[in-house]
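Observations on the model geometry
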Amino acid sequence: MDAYKGDVYGDCIIVEQRITSDGCRLCKIKNKSGQIISNKKEELMSILDHFNIQVDNPVSILNQEMSKQFLHSKSEADKYKFFMKATLLEQMRRDYIHIKQTEEVTRDQVERQEECLKDLRQDYMLKKERYESLASLDEMTKTLEGLQRKMAWCLVREKECQIEQLKEQIEKEVDGKFEEKLLLCQSKVTQAMNKVNDIQKKLEKVREEDRSLAGEYQRLKEELKAKSKEQKGQEVVYFRAENKLKQLEKEQCLLSERIHKIRHNESQNKEVERVKRLKKMGALKKLLEKHETQAAELNQELKDKQQALFKGREEFDKLSMEEKNIKVALEAKLKRKNQLLASRSNRLRIFGERMPELIESINKAHAQGRFTHKPLGPIGACISVKDPGLTVAVESCLRGFMKTFCCDNYRDEKVLEELMAPHFQRSSRPQIIVCRFTEKVYNVQGRGVNHPDFPSVLDTITCTSPVITNCLIDMRGIECILIIKDTAVARRVMMHNRPPRNCREAFTAEGDQVYTNRSYAPDKNVLIKYLGGDPEAEIRLVESEVENHRAQLSRFQLHLNSVKQDIQAMEDKMNSVIITCKKNQASVNQVKASISELENIEESQVEDISTLEEDAQEIQQKIDLERQNVEKTKTELDKQQEGLTDVDQKFQNVRNKIEQLTDDTDQLKEEQVKGEAECSKLDQTLKILEKKARTHEENIQSIRNELTAKEEEIQEFIEKAKKICPERQSADRSTKSLDTEITRLRQKITAQEQSHGDKEKVIRDYAEAHENYRSKSNQLRDLKKFIDCLDNIMTDRQARYKTLRRSLSVRCKLYFNNFLIKLQCCGSMKFDHNNETLSISVKPPGQENDTVSDMRSLSGGERSFSTVCFILSLWEITESPFRCLDEFDVYMDMHNRRISLDLLLELSERQHLRQFVFITPQTTCNLPKSDHIKIHQLEDPERGGIQEEEASHRR
């Protein structure tokens, strides 16, 4: 047998296999000098195939246990297969079957190729006919070549036009527009910052003016109340004087009429009736004076009660307003308490009672695919403060953004607004900010504040998403806001010293907001509402405030009810006085009517005209005095009215100024917010313009690079055009028209070639068809001859295979019987090649005449010897470079073992070119010494040390 890769491995091939504890196998194939040549399984399989080594063949390597199972439990068909595999007859049969199958497939292919050969013959005859009837197309070909030369130089001209266009584009791009826009944007940013500063100054000025007007407003209000009270009192005096004047004028009129009647009355009244009438009139006048005195007292009493009622109503209105304010505060505290109690189970309810439902709706909509990116929010739930002592400062800074949501685009914003509609009213909906979602936080290293002692808001908080951080950077500028715990230190850092670089404002631990030129303090202590804190402590604080408000409200309600009852009692008394006044006035009128009636009686009355005239003069004097009193009262009333009007005008002016200042303050605050937003927006625009300017420069550079590439490309086109036509052709036609003409001419040539065929192509196709047809016919002829020859060879091989199988089976039986005879046993092997079975029977010594030949009746040594005999018989008829037996003599007695060893040594001497490996636990001292025998004996295990160690462990 030839050596396997002798130049690589040398005279010896070493296979080293290592099996690890976890079952992995590592194989190394080395040459004679121990150098590793390969560690691949394919190389090992090639070596085994070359030397005909069947590792899985029990004939080559057989242990005692496998031999027992083979002789006792294998079926006759399995034994036959074992015999066929050991003698390689099985491999030969599989190879023959494979060859027969391949022969059948080849015959089918030959039949299909014969059908294809007919098509090839028809194609060959068709091309032969075209070859014989070929016509020339030289003229059209020459015209096509001329057009192609023009086309080459026309393409050069188009490239030159493209280069001119690129040069014009570069000149157009380099016009300085982006620099102008950038400078304009920078000026706008400066103007916006100046505008914000001006607004801040105006706002401070308006606030100072508002504080100065507050005291004047209160003073004018008190003065207006006093003037109004005096004016109403003067009105009462004026109206009383005017009524008295009208009464005297009426009496004067009646008296004049009476004097006139008396003068014209001719009859004389009786003196007695006149006396009686005078007495009655005197009594009525006394009664009238009494009623008038009572009326004056009632009017004074009515005036006092009206003033008391006015004061009571003022107090009632004041108490009602305070009660309303307490109720509003109580409702706010109760609402806050409910939010805190609800936040025990769900913290999101701090941001609104319906916030958990809104978040659930957002999750469902996101699962349905309605959002491009799921909105994030509320922002207060997405941030946390690293230092709990700075929570008030951070919440004061970000209070306007706690309930805000972030969306990636305006489409997501519309969907979120639809989801918010069922849960929040339009006036109280959370704010939505649209900003592009990114996976990284902005790099604010160059524009953020960096102070060695105080952190910025960005350094103080931790956000669950970079989107929240970027949103707060864009909308609030948290990278430019410092957190300084102490208020005095914050004012010193921001206002007295030079403020830190990039710092716009600062917040303190008490919630104060400090700018470089001003500071704002909260009206009351700021409570942690959103960013953590102790909810239970806040609940207890809110509950105590609720109790205080309820107690205060209860006291105000009791006081209010008491004042209300007093007002009702005063109204009842005043109504009673008014009724009494009306009754008294009715009595006065009735007495006056009686007096007038008595005075008007002229029948039989003789009145003293002189007395009446005196009375008339007296009444006239009273009228004059009363007129003077009315005029004086009127003058005083007008004077008070003018004073009241002036005070009221001043009060209205001050109030209008305060309202105007309030409106101006709100407007300035809105303008300040808009200005700051505009500054932020212009800042972003400036950054975008700077980015666009860089992009513009890159575009110009890319166009220049493209121009350079085009110039290099046109050189290549010129070289190609010179190769086609050395002289430059005049481009009097466009590329499109030339391409159309060339396409039309090619189509015409193609149509001619399709009908007649191209000369070279027809000749080439004819030669190819002829050669293809000839080669295919020769291949089919040779293949048919080979198949017929192979069929004859396979028939002969099948006969030889059967002869070899019969010979090997006969030799195996003879060798098996000879080996059993040495054991003084009888045995036989029966082969049935038709049914593919092999039966083995063995009879122990002294049982040659028994009909039972069960292998189990043999002893262990006899069975082992029988196995050795069977293996030796197979070794005699098979070829293998390696023979291995494992513990073949375990159950043998010394006699059988000696016979078996002699047989094995005899066989190994005869086949000294093969390698035999025998593994036995028995002694080998009785073996003869020979150069062909090598004994490798393992050292005995240290069983004593192990036993002592086990004993020590037991102790």
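Residues numbered from 1 in each chain as written. Predicted model: local features only at pLDDT ≥ 70, side-chain atom pairs only at ≥ 80, totals over all residues. Heavy atoms only, no water.

1. A closer look at the overall build of the protein
A count of helices and strands for the protein gives 21 helices and 16 strands. Per-residue burial for the protein yields a buried fraction of 33% across its 955 residues. The long-range share in the protein, meaning contacts at least 24 apart out of those at least 6 apart in sequence, stands at 76%. When the accessible surface of the protein is summed, it comes to about 60,800 Å², and 49% of that surface belongs to carbon and sulfur atoms. (Helix = DSSP H or I, 4+ residues; strand = E, 2+ residues; numbered from the N terminus. Buried < 20%, exposed > 50% of the residue type's maximum accessible area, 1.4 Å probe, protein only. Contact = heavy atoms within 4.5 Å. Areas by Shrake-Rupley, 256 points an atom, 1.4 Å probe, with all protein chains shown as cover.)

2. Some words on the packing of aromatic side chains
The description of two aromatic rings rests on the distance between their centres and on the angle between their planes. Considering all chains together, one arrives at 4 aromatic pairs under this definition. Here the aromatic rings of Tyr4 and Tyr9 are separated by 6.1 Å at their centres, their planes lie at 35°, and the arrangement is tilted. Residue classification places Tyr4 among the buried residues on the basis of a relative accessible area of 11%. A residue is classified by how much of its surface remains accessible, and Tyr9, at 2% relative accessible area, is buried. Aromatic pair Phe83 and Phe831: ring centres 4.7 Å apart, planes at 55°, arrangement tilted. With a gap of 748 residues between them, Phe83 in helix α4 (residues 76-86) and Phe831 in strand β13 (residues 826-832) connect regions that are remote in the sequence. Here Phe83 and Phe831 have matching classes, each one buried. (Phe/Tyr/Trp six-rings, centres within 6.5 Å; stacked < 30°, edge-to-face > 60°.)

3. Here we look at the sheet that holds strand β1 (residues 14-19)
With antiparallel pairing, 3 strands are arranged side by side in an open sheet as β1-β2-β3. At either end of the open sheet lies a strand with only one pairing partner, and these are β1 and β3 (36-38). Ignoring which end each strand starts from, the neighbouring axes of this sheet average 40° apart. Inspection of the sheet shows β1 paired to strand β2 (residues 25-30) by 6 bridges, in the antiparallel sense. Residue Glu16 lies in a different strand from β2, and its bridge partner there is Lys28. Lying over the sheet, helix α2 (residues 41-50) contacts β1, β2 and β3, oriented at roughly 60° with respect to β2. (Pairing = 2+ DSSP bridges. Axes fitted to C-alpha atoms, helices over the stretch in contact; angles between N-to-C directions.)

4. A short note on the sheet that holds strand β12 (residues 519-520)
Read from one edge to the other, the open sheet built from 4 strands follows the order β9-β10-β11-β12, with strand pairing classed as mixed. Single-partner strands in this sheet number two, and they are β9 (481-483) and β12. Sheet topology note: the strand β10 (residues 505-507)/strand β11 (residues 513-514) ladder contains 2 bridges and is antiparallel. When the bridges of β11 are listed, Ala506 appears paired with Val514.

5. Concerning the pattern of salt bridges
Applying the stated criterion across every chain, the model contains 22 salt bridges. In this structure, Asp796 and Arg800 form a salt bridge, with 2.7 Å as the shortest nitrogen-oxygen distance. Within this pair, Asp796 and its partner Arg800 are both found in helix α18 (residues 759-821), separated by 4 residues, close to a single helical turn. Judged by relative accessible area, which is 55%, Arg800 ranks as exposed. Through salt bridges with shared partners, a single ionic network connects Glu90, Arg93, Arg94 and Glu836. (Salt bridge = Lys/Arg side-chain N within 4 Å of Asp/Glu carboxyl O.)

6. What to know about the pairing of β2
In this antiparallel pair of consecutive strands, β1 and β2, the connection spans 5 residues, and Gly23 shows a positive phi of 95°. Relative to β3, β2 runs antiparallel, the two sharing 2 bridges. If you follow Ile29 over to β3, its bridge partner there is Ser38. If you look at the hairpin formed by β2 and β3, you'll find 5 residues sitting between the two strands, and Gly34 has a positive phi there, around 90°.

7. Regarding the packing of helix α9 (residues 355-367) against helix α11 (residues 410-420)
Where α9 meets α11, the axes come as close as 10 Å, and the angle between the chain directions of the two elements is 135°. Taken together, the axis directions place α9 and α11 in an arrangement best described as oblique. Taken as a pair, α9 and α11 cross one another with a handedness that is right-handed. Every residue of α11 that contacts α9 at Leu358, Ser361, Ile362 and Ala365 is listed here: Leu416, Leu419 and Met420. A breakdown of the residues in the contact of α9 with α11 according to their chemical character gives 6 nonpolar, 1 polar and no charged. (Parallel < 35°, antiparallel > 145°, perpendicular 65-115°, else oblique. Left-handed = near helix turned anticlockwise from the far one by under 90°. Nonpolar A, V, L, I, M, F, W, Y, C, P; charged D, E, K, R; others polar.)

8. Regarding unusual backbone geometry
The amide bond that connects Gly377 to the next residue, Pro378, takes the cis arrangement and shows omega of -10°. Locating Pro378 in the fold gives a position in the loop between α9 and β5 (383-385). We note that Lys5 has phi near 45°; this positive angle belongs to a residue other than glycine. Along the chain, Lys5 turns up in the segment before α1 (6-9). Residue Glu836 is not a glycine yet carries a positive backbone phi of 60°. Position of Glu836 among the secondary structure elements: in the loop between β13 and β14 (837-843).

9. Points about the confidence of the model for the protein
Model confidence for the protein is summarised by a mean pLDDT of 77, while 83% of its residues fall at 70 or above. Contacts of residues 602-607 to residues separated by more than four positions or lying in other chains number 33 contacts, the stretch itself having pLDDT below 50. Segment residues 945-955: pLDDT under 50, and 0 contacts once partners within four positions in sequence are set aside and those in other chains are kept. (pLDDT = per-residue confidence, 0-100.)

10. So, the environment of Ala296
Its location among the elements puts Ala296 in helix α8 (residues 271-342). For the pair Ala296 and Cys581, spaced 285 residues apart in the sequence, the C-alpha separation amounts to 9.3 Å.

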